[in-house]
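# Observations on the three-dimensional arrangement
If you want the building blocks of each chain, they are given just below.
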Amino acid sequence: MNSLTSNTARLAFVPQVHHLTLDVAASTTGKLCTADFIGPASQVADDGRGTITVRRRGPMHPFDLARRSAHVTLSPTALWDIEIRGAATHIEADLTGLPLRSITVTGGLSHARFVLPHTEHLVPVHFRSAVRMTTILRPATTRATLRGAAGFTSLSLDGRWVGTTARADWRSARPTETTPGCYDIALDSGSNHLTIA
């Protein structure tokens with residue numbers, strides 16, 4: 001399962017994901033990813049062409065979030081698109097050392113922390129619904145931009161407290177704009193307690 005067959009790969013979570021730890025393998029194992037679960041296991045499908053789909057199984061109930069967790073480790077030998085097709089909560093993603101092409105979350109995101117890798121490319125990070133209690137950390141060698149027009153509260157950018165603003169069109173001061181590599185962060189529905197550093 002999950003054999004490494006191409007230079008690009010996609011990891012998709014459907015229809016949602018909660019209590020996820022996402023990290024990068026320290027060495028090459030010949031697999032695109034490995035996954036471990038506590039509680040009812042999700043279904044992991046490999047289409048053989050570089051797409052890994054993690055599909056949540058079983059019904060939701062009030063105590064479900066406390067009973068389930070997932071730990072997914074990605075191979076650093078592929079260029080990754082990461083997509084969550086739905087809501088996401090309690091996400092801890094350390095992507096240090098991962099060749100990353102994009103991140104997309106289509107539902108609401110809350111209680112999340114992303115540690116992004118160095119890149120020399122433009123990498124879109126797109127949140128299509130509201131973001132709450134989320135921290136995005138990037139290396140000092142990579143620029144970042146933030147765009148959104150739906151309202152921000154408790155916003156912090158590179159250590160500067162912005163507070164509340166109706167819209168954002170921000171570019172990091174460091175490194176310089178001539179430096180290759182940038183995370184282009186776009187929010188369609190605003191945020192509450194968002195930190196980008």
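Here goes a summary of the coordinates provided.

Criteria and cut-off values
- Residues numbered from 1 in each chain as written.
- Predicted model: local features only at pLDDT ≥ 70, side-chain atom pairs only at ≥ 80, totals over all residues.
- Heavy atoms only, no water.
- Helix = DSSP H or I, 4+ residues; strand = E, 2+ residues; numbered from the N terminus.
- Rg over C-alpha atoms; globule rule 2.2 N^0.38 Å.
- Buried < 20%, exposed > 50% of the residue type's maximum accessible area, 1.4 Å probe, protein only.
- Contact = heavy atoms within 4.5 Å.
- Lys, Arg positive; Asp, Glu negative; His and termini not counted.
- Charge placed at Lys NZ, Arg CZ, Asp CG, Glu CD.
- Pairing = 2+ DSSP bridges.
- Axes fitted to C-alpha atoms, helices over the stretch in contact; angles between N-to-C directions.
- Phe/Tyr/Trp six-rings, centres within 6.5 Å; stacked < 30°, edge-to-face > 60°.
- Salt bridge = Lys/Arg side-chain N within 4 Å of Asp/Glu carboxyl O.

Moving on to the overall build of the chain. The helix and strand inventory of the chain stands at one helix and 18 strands. Relative to the 2.2 N^0.38 estimate, which gives 16 Å for 197 residues, the radius of gyration of the chain is 17 Å and therefore close to what a compact globule would have. Dimensions along the principal axes, computed over C-alpha positions, put the chain at roughly 45 × 40 × 20 Å. The buried share among the 197 residues of the chain stands at 45%. For the chain, the share of sequence-separated contacts (at least 6 apart) that also reach a separation of at least 24 residues comes to 61%. The centroid of the 20 positive side-chain charges in the chain is displaced by 4 Å from the centroid of its 15 negative side-chain charges.

With mixed pairing, nine strands are arranged side by side in an open sheet as β3-β6-β2-β8-β10-β12-β18-β14-β15. The outermost strands of the open sheet, each flanked by one partner alone, are β3 (33-38) and β15 (160-165). Recorded for the sheet is a direction-independent mean angle of 10° between the axes of neighbouring strands. As defined by bridge partners, strand β10 (residues 109-115) adjoins strand β12 (residues 131-137) across six bridges and the pair is classed as parallel. Paired with Val 115 across the bridge in β12 is Leu 137.

What follows is about the pairing of β15. Here four bridges tie strand β14 (residues 152-157) to β15, and the two strands are oriented antiparallel to one another. Opposite Leu 157, over in β15, you have Arg 160 as the bridge partner. Following β14, the chain reverses through two residues before pairing antiparallel with β15; Asp 158 in that reversal takes a positive phi of roughly 50°.

With an omega of -10°, the peptide bond between Val 14 and Pro 15 qualifies as cis. By the secondary structure assignment, Pro 15 is in the loop between β1 (8-14) and β2 (17-24). Cis peptide bonds are those with omega within 30 degrees of zero, and the linkage from Arg 174 to Pro 175 qualifies with -15°. In this structure, Pro 175 sits in the loop between β16 (168-171) and β17 (182-187). The phi dihedral of Asp 158 falls on the positive side, at around 50°, and the residue is not glycine. Secondary-structure assignment places Asp 158 in the loop between β14 and β15. Since its relative accessible area comes to 35%, Asp 158 is described here as partly exposed.

If you trace the backbone, Thr 145 turns up in strand β13 (residues 143-148). Taking relative accessible area as the criterion, Thr 145 reaches 12% and is therefore assigned buried.

So, about the packing of aromatic side chains. Applying the stated criterion across every chain, the model contains one aromatic pair. A ring pair is formed by Phe 114 and Phe 127, whose centres lie 6.4 Å apart and whose planes are at 50°; its orientation type is tilted. Taken as a pair, Phe 114 in strand β10 and Phe 127 in strand β11 (residues 122-127) lie far apart in primary sequence, 13 residues in all.

Let us now look at the pairing of strand β9 (residues 100-105). In terms of burial, β9 is a largely internal element, five of the six residues being buried. Bridging between strand β7 (residues 79-84) and β9 involves five bridges; their strand directions are parallel. Across the sheet, the residue bridging to Trp 80 is Leu 100, located in β9. Sheet topology note: the β9/β11 ladder contains three bridges and is parallel. Bridging from a neighbouring strand, Val 105 pairs with Phe 127 of β11.

The next point concerns the pattern of salt bridges. Counted by the stated rule, this structure contains nine salt bridges. Between Asp 47 and Arg 49 there is a salt bridge whose closest N-O contact spans 3.6 Å. For Arg 49, a relative accessible area of 67% translates into the label exposed. Of the charged contacts in the structure, one is a salt bridge between Glu 92 and Arg 113, with a shortest N-O distance of 3.0 Å. One end of the pair, Glu 92, is in strand β8 (residues 88-94); the other, Arg 113, is in strand β10, with 21 residues separating them in the sequence. By relative accessible area, Glu 92 is classed as partly exposed at 35%. Salt bridges linked by common partners bring Arg 10, Asp 81, Glu 83, Arg 85 and Arg 101 together as one network.

Purely geometric numbers; function is a separate question.
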